[in-house]
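Listed here are the chains, written in short residue letters.
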Amino acid sequence: MQSSGDTPGKDVKSDLAPTDDFETLKYQLLGPSLTKAGQDSVDQQKVGLVVSEVIYNASKGSKFFNHEQDRDRNLTLKIERILKQKARLETLDLSHDLRRADEYLAELELSRDLSQHIIHVDCDAFFAAVEELDRPELKTVPMAVGKGVLTTCNYVARKFGIRSGMASFVAKKLCPQLVLLPQNYEKYTEKAKEMRTIMAEYDPLFESASIDEAYLNITAYCDENQLNPEEAVQRMRAEILETTQVSVSAGIAANAKIAKICSNINKPNGQFRVPNERTAIMEFMRELPVRKVNGVGRVFERELESIGVKKCGEIFPQRALLTKLFGEKAFQFLAQCYLGLGRTKIEPVETHERKSVSTETTFHELGDKEALRAKLWWAAQELEKDLARTQFKGRTLALKVKLHTFEVLTRQTAPSRAVSRAQDLYSFALPMLAKLEKDIPGLELRLLGLRCSNLVSTQKAGINFFGAITNPKPETKVTDEATVNAESNHEIDAEEAFEAAARQEAQEEMNDLEQLSQDASLVPTTPQREESVATEDPPLWDCPICGRPQSADDRTFNEHVDFCLSKRTIREAVQATEETEVAPNPPPTRKRKVPSQSGALEDDPKQKRLFFQ
DNA sequence: GCGGATCAC
DNA sequence: TATGGTGATCCGC
């Protein structure tokens, strides 16, 4: 964290940066928070060395540590390959690559837009700050929120080297008197809502980047109120502090990328601006460590450092090599970093399109097949809830596991139809788990999760974000009738079920076509149809564990499955599942339309963070 | 299209 | 004793 007395934008390289193999591992173990924010004052750097030692010793010998060590070794090997490649490239004629790079830079320069005032607002130690409102006595003692791993800590705790993302037992070693509070997400969401109300006054189309961060375009506000951007932001921050009692920091710049960097410079309760002038921006970037840029993590930082790029200004001399060393996207990203370019388009998060829904959970190491199935069933139920909440089904289902060694594996499958219900999720996921068990003898897991992607909306008609009324489908009525029918008739009529399934396939095909014709830039999620799952399922559901039909009532069904899991009928279930033929009907290959992305001026090429409420 | 890896919060 | 959950993107194959 930067104290307000430091020189903004002129952070020197942290003394924590690695120098040899042990150092790189220690650096890795520090976690993203300590390495990203940087230890800017001399005092903090000294603390950092001690912290590094404590974390190292606390972790040494654990499976987590060994895994980190493996990763660190692999990265070191990768860097060796990068350096070898660099040496080889430098013996060649690079004039072509150089010209290409310069052409791209020139092209980017033409796109530079200095007309907008973009700000990034970031709450100071948000969760901790909200907790302190309820318990003011906590303001003066080291305190953190989260168990197992800390999500936030207050500024008192940070003096001890405690950071978000840190294991709580490590934090306790650094500071035994640390007060740990459980998360209260509803409370934070409520407070965040208060803050958004105020931000909306400054930009009604502001963009929530996460629960405690937002981007605003205040160009219009400044014009209308005859204020310069700094005054406007002062006013907004004061207003937020006044009404919510939570302080925020802000960055002001010509684009989102720089604004984001700036919001960290005078944290907490401060703001910083880079003027909308090319030379000021270039100077600011020249001395800025690449690690400060959103999208450059610990790995990329080390890779860049190995070729002599620590600051954004050092990107330029290497421009001819970057594509071949790191790929086209990385080159484009770095080119934007060098020039200080970023996106100026700020839009409500509701206009973004969700691409996946997932759930995962960590537990004590587990090798027992039955217990793993219970976890899988639990995950399936959780995902069902989340899919219902977000109103999606998935055409692709992925299983994620973390071995006891911390190694992560994923396996995915494309079910014959979009899935959303727990027993479907379970049925399609179980073969993947069974195969892993077969391929990895003595499989022991510490995490298991499920993810749906290739989403299909099940959203009902309503009013979308722009106030346009979206049409319900006439077919809705038909499916409703079928639903009623199915519910009133407990006999399974195979023919009727078949027809219903056929109708649904046809409907989905229609929806696909409709969706392709929609303007995805205006309609965030195209309503498709009423839930018609009942038409494709008989009133009795087959228990995924024992295979016997059970009441389709959700609660009764789930109770049965839980009971069944406890009855050790797993072996038969695995066999049944392995023998069960996964319906071979290929899903439609058409994809949903994705909002066009220029790619040239994305805030961050690797990701677009969304916040869904 | 799949699986691994990286990144952010 | 002990190191999270959700979502996104990129790369190599």
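Predicted model only: the values in this text are computed from it and were never measured. (Residues numbered from 1 in each chain as written. Chains lettered and ligands numbered in written order. Predicted model: local features only at pLDDT ≥ 70, side-chain atom pairs only at ≥ 80, totals over all residues. Heavy atoms only, no water.)

Draft legend 1. Geometry of the packing of aromatic side chains. Counted under the stated rule, the structure contains 13 aromatic pairs. Taken together, the ring pairs in this structure connect Phe-126, Phe-127, Tyr-185 and Tyr-188 into an aromatic cluster. When the ring centre of Tyr-56 is taken as reference, the NZ or CZ atom of Lys-26 above it lies at 5.1 Å. In this arrangement the basic side chain of Arg-158 is found over the ring face of Tyr-155, its NZ or CZ atom lying 4.4 Å from the centre. (Phe/Tyr/Trp six-rings, centres within 6.5 Å; stacked < 30°, edge-to-face > 60°. Lys NZ or Arg CZ within 6 Å of the ring centre and 35° of its normal.)

Draft legend 2. Fine view of the state of the cysteines. The final tally for this structure, using the stated rule, is zero disulfides. Of all cysteine sulfurs in the structure, the one in Cys-337 sits closest to Cys-312, which takes part in no disulfide; the separation is 5.1 Å. (Disulfide = S-S within 2.5 Å.)

Draft legend 3. A look at empty space enclosed by the protein. Per the stated rule, a full pass over the model turns up five cavities of 30 Å³ or more. In this structure, the largest cavity occupies an estimated 70 Å³ of space. Along the walls of the largest cavity sit 13 residues, with Cys-123, Met-195, Met-199, Asp-212 and Glu-213 positioned nearest its centre. At the level of elements, strand 1 (118–123), helix 9 (185–202) and strand 6 (213–217) are the ones that each hand at least two residues to the lining of the largest cavity. With four residues, the top contributor of residues to the lining of the largest cavity is helix 9. Classifying every residue of the lining of the largest cavity by side-chain character gives nine nonpolar, one polar and three charged. (1 Å grid on protein atoms, 1.4 Å probe; cavity = no way out; pocket = protein on both sides within 12 Å on 5 of 7 lines; lining within 4 Å. Points joined across faces, edges and corners; volume = space filled by probe spheres on them. Helix = DSSP H or I, 4+ residues; strand = E, 2+ residues; numbered from the N terminus. Nonpolar A, V, L, I, M, F, W, Y, C, P; charged D, E, K, R; others polar.)

Draft legend 4. Local environment of the packing of helix 17 (residues 369–390) against helix 18 (residues 422–439). Two elements in contact, helix 17 and helix 18, have axes separated by 9 Å at closest approach and are oriented at 140 degrees. By crossing handedness, the relation of helix 17 to helix 18 is classed as right-handed. In this structure, helix 17 uses Lys-369, Leu-372, Arg-373, Leu-376, Trp-377, Ala-380, Gln-381, Leu-383, Glu-384 and Leu-387 to contact helix 18, whose residues at the interface are Ala-422, Gln-423, Leu-425, Tyr-426, Ala-429, Leu-430, Leu-433, Ala-434 and Glu-437. When grouped by side-chain class, the residues that make up the contact of helix 17 with helix 18 number 13 nonpolar, two polar and four charged. (Axes fitted to C-alpha atoms, helices over the stretch in contact; angles between N-to-C directions. Left-handed = near helix turned anticlockwise from the far one by under 90°. Contact = heavy atoms within 4.5 Å.)

Draft legend 5. Spotlight on unusual backbone geometry. Here the amide bond leading from Lys-267 into Pro-268 is cis, since omega sits at -5 degrees, within 30 degrees of zero. Examined against the element boundaries, Pro-268 turns out to sit in the loop between helix 12 (256–262) and strand 8 (271–273). Positioned with a positive phi, Gln-245 is a non-glycine residue whose angle comes to about 70 degrees. By the secondary structure assignment, Gln-245 is in the loop between helix 11 (229–244) and strand 7 (248–253). We classify Gln-245 as exposed; its relative accessible area is 51%. (Buried < 20%, exposed > 50% of the residue type's maximum accessible area, 1.4 Å probe, protein only.)

Draft legend 6. Representation of the confidence of the model for chain A in the model. With 73% of its residues at a pLDDT of 70 or more, chain A has an overall mean of 80. In this model residues 463–503 is a low-confidence stretch, pLDDT under 50, and it forms 41 contacts with partners more than four residues away in sequence or in other chains. Below pLDDT 50 for its whole length, residues 505–538 participates in 75 contacts with residues either more than four positions away or in separate chains. (pLDDT = per-residue confidence, 0-100.)

Draft legend 7. Summary view of the nonpolar core. Judged by nonpolar contacts, the single largest core of 48 residues is most densely connected at Ile-258, Phe-284, Val-293, Phe-300, Cys-312, Ile-315 and Phe-326. If you list the elements that add at least two residues to this core, you get helix 4 (63–90), helix 5 (95–110), helix 12, helix 13 (278–286), helix 14 (298–306), helix 15 (322–326) and helix 16 (328–339). Here this core gets eight residues from one element, more than from any other, and that element is helix 16. (Core = buried A, V, L, I, M, F, W, Y, C linked by side-chain atoms within 4.5 Å.)

Draft legend 8. Region of the structure containing the sheet that holds strand 2 (residues 143–145). Spatial strand order, 3-2-4: three strands in an open sheet with mixed pairing. The open sheet has two edge strands with one neighbour each: strand 3 (152–153) and strand 4 (179–181). With three bridges connecting them, strand 2 and strand 4 associate as parallel partners. Considered in strand 4, the bridge of Val-145 is made with Leu-181. In this fold helix 6 (residues 126–134) packs onto strand 2, strand 3 and strand 4, with an angle of close to 115 degrees to the strand it touches most, strand 2. (Pairing = 2+ DSSP bridges.)

Draft legend 9. Expanded view of the pattern of salt bridges. Scanning the entire structure with this criterion turns up 31 salt bridges. Lys-324 is the salt-bridge partner of Asp-97, the closest N and O atoms lying 2.5 Å from each other. Placement of the pair is Asp-97 in helix 5 and Lys-324 in helix 15, with a sequence separation of 227 residues. Residue class for Asp-97 comes out buried when judged on its relative accessible area of 13%. (Salt bridge = Lys/Arg side-chain N within 4 Å of Asp/Glu carboxyl O.)

Draft legend 10. Just the sheet that holds strand 10 (residues 392–403), in detail. Pairing within the open sheet is antiparallel, and its four strands lie in the order 9-12-10-11. Single-partner strands in this sheet number two, and they are strand 9 (356–366) and strand 11 (408–413). Each neighbouring strand pair of the sheet contributes to a mean axis angle of 20 degrees, computed without reference to strand direction. Seen against the sheet, helix 17 touches strand 9, strand 10 and strand 12 (445–457) and runs at an angle of roughly 155 degrees to strand 9.

Draft legend 11. Local environment of the pairing of strand 11. As judged from the six bridges shared by strand 10 and strand 11, these two strands associate in the antiparallel manner. Counterpart to Lys-402 in the pairing with strand 11 is Val-408. Once strand 10 ends, the chain turns through four residues before running back antiparallel as strand 11, passing Phe-406 with a positive phi of about 80 degrees.

Draft legend 12. Main features of helix 1 (residues 21–29). Along helix 1, the residues that are buried comprise Thr-24, Leu-25, Lys-26, Tyr-27, Gln-28 and Leu-29. Packing partners of the buried residues in helix 1 comprise helix 2 (31–37), helix 3 (42–59), helix 4 and helix 14. Of the residues trailing helix 1, Gly-31 is marked for its positive phi of about 85 degrees.

Draft legend 13. Structural context of the packing of helix 4 against helix 14. Close contact between helix 4 and helix 14 brings their axes to 10 Å; oriented N to C, the two are set at 35 degrees. In this structure, helix 4 crosses over helix 14, and the sense of that crossing is right-handed. Residues Asp-72, Leu-75, Thr-76, Lys-78, Ile-79, Ile-82 and Leu-83 of helix 4 form the contact with helix 14, whose participating residues are Val-299, Arg-302, Glu-303 and Ser-306. Looking at the contact of helix 4 with helix 14 residue by residue, the classes come out as five nonpolar, two polar and four charged.

Draft legend 14. Quick look at the environment of Leu-403. Along the chain, Leu-403 falls in strand 10. With relative accessibility at 9%, the residue Leu-403 sits in the buried group. A C-alpha to C-alpha distance of 8.2 Å links Leu-403 and Glu-365, two positions 38 residues apart in sequence. In contact with Leu-403, other than residues within four places in its own chain, are Leu-409, Leu-443, Glu-444, Leu-445 and Arg-446.

Draft legend 15. Inspection of the pairing of strand 7 at higher detail. The buried fraction of strand 7 is high, at six of six residues. Note: strand 1 against strand 7, six bridges, orientation antiparallel. Residue pairing across strands places Asp-122 opposite Ser-249, the latter belonging to strand 7. Examined bridge by bridge, strand 7 and strand 8 share three bridges and lie parallel to one another. Within the sheet, the bridge partner assigned to Ile-252 lies in strand 8 and is Arg-273. After leaving strand 7, the chain enters helix 12 and then returns to the sheet as strand 8, a path that is left-handed. (Right-handed = clockwise from strand over helix to strand, strands pointing away.)

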